[in-house]
Amino acid sequence: EAGVAQSPRYKIIEKRQSVAFWCNPISGHATLYWYQQILGQGPKLLIQFQNNGVVDDSQLPKDRFSAERLKGVDSTLKIQPAKLEDSAVYLCASSLGTGPEAFFGQGTRLTVV
Amino acid sequence: QKEVEQNSGPLSVPEGAIASLNCTYSDRGSQSFFWYRQYSGKSPELIMFIYSNGDKEDGRFTAQLNKASQYVSLLIRDSQPSDSATYLCAVYGGSQGNLIFGKGTKLSVKP
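I will try to describe carefully the structure that is included in this document. None of these values were measured; they are calculated from a predicted model.

**Let's talk about the state of the cysteines**
Then comes step 1: Summed over the entire model, instances satisfying the criterion amount to two disulfides over all chains.
Then comes step 2: Covalent S-S linkage joins Cys 23 of chain A and Cys 92 of chain A, the inter-sulfur distance amounting to 1.9 Å. Because the sign of the S-S torsion sets the handedness, a value of about -70° for the bond joining Cys 23 of chain A and Cys 92 of chain A places this disulfide among the left-handed ones. With a gap of 69 residues between them, Cys 23 of chain A in strand 3 (residues 19–24) and Cys 92 of chain A in strand 9 (residues 88–95) connect regions that are remote in the sequence. Comparing Cys 23 of chain A with Cys 92 of chain A shows no difference in burial state: the two are buried.
Then comes step 3: Disulfide pairing is shown between Cys 23 of chain B and Cys 89 of chain B; the S-S distance is 2.1 Å. Of note, the bridge from Cys 23 of chain B to Cys 89 of chain B carries an S-S torsion of about -70° and is left-handed in sense. Placement of the pair is Cys 23 of chain B in strand 3 (residues 19–25) and Cys 89 of chain B in strand 9 (residues 85–93), with a sequence separation of 66 residues.

**Here's the deal with the sheet that holds strand 8 (residues 71–76) of chain B**
Whether parallel or antiparallel, the strands of a sheet pair through hydrogen bonds between backbone atoms.
Residues and elements named next belong to chain B.
Then comes step 1: Read across the open sheet, the five strands follow the order 1-3-8-7-6; overall the sheet is antiparallel. One side of each edge strand has no neighbouring strand; the edge strands of this open sheet are strand 1 (4–6) and strand 6 (54–58). Strand-to-strand twist in this sheet, taken as the mean axis angle between neighbours without regard to direction, amounts to 20°.
Then comes step 2: Relative to strand 7 (residues 61–66), strand 6 is paired through five bridges, and the arrangement is antiparallel. Looking at strand 7, one finds that Lys 56 is bridged to Ala 63.

The rules behind the values
- Residues numbered from 1 in each chain as written.
- Chains lettered and ligands numbered in written order.
- Predicted model: local features only at pLDDT ≥ 70, side-chain atom pairs only at ≥ 80, totals over all residues.
- Heavy atoms only, no water.
- Disulfide = S-S within 2.5 Å.
- Helix = DSSP H or I, 4+ residues; strand = E, 2+ residues; numbered from the N terminus.
- Buried < 20%, exposed > 50% of the residue type's maximum accessible area, 1.4 Å probe, protein only.
- Pairing = 2+ DSSP bridges.
- Axes fitted to C-alpha atoms, helices over the stretch in contact; angles between N-to-C directions.

Structure, rendered in structure tokens:
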């Protein structure tokens, strides 16, 4: 069974530029999460989708971050414009939905300079 | 906002000893509890989950849950240097049905 796929693995951008991350969850997984993990901290939930509907986006900085999940499968997370404090690893995870065990992709390490 | 608290450590134990990792959570409606292991530079990896009060054993790992005290723990028996990693406690459920992580406890097992 293929795991959660994310791209790109690494990205370096200047502040005020925009960036997008892509996630393809495990086949059949209805729930998809995006987390932000700053160095030395635990993953912080940004947004949770159930199929293509948003379950929780209370921690998403909506003035600069946006996310969508097309047709309940792939998802993209966008930051525009980026700030220095957005430097982090962005992790995508998915779960069946019937059971909450979540499996993570390899993450995208974003550096904003 | 649901909160999950962990001692950040580092927790240092000698090889062969028992490592004890603790976690408390704020939302009494939480339903499921998870322990993830994260090696430096890698993604979190699920190692244990527990839904009911009591103990759950899997090899060298034992998860313990006490819902009345809102407390979850992970015991690692016969600790090995390869167990050195950050251990993340995660809690699912409550009013928003989401998966929230603690900040993690860094474990170091000394040979």
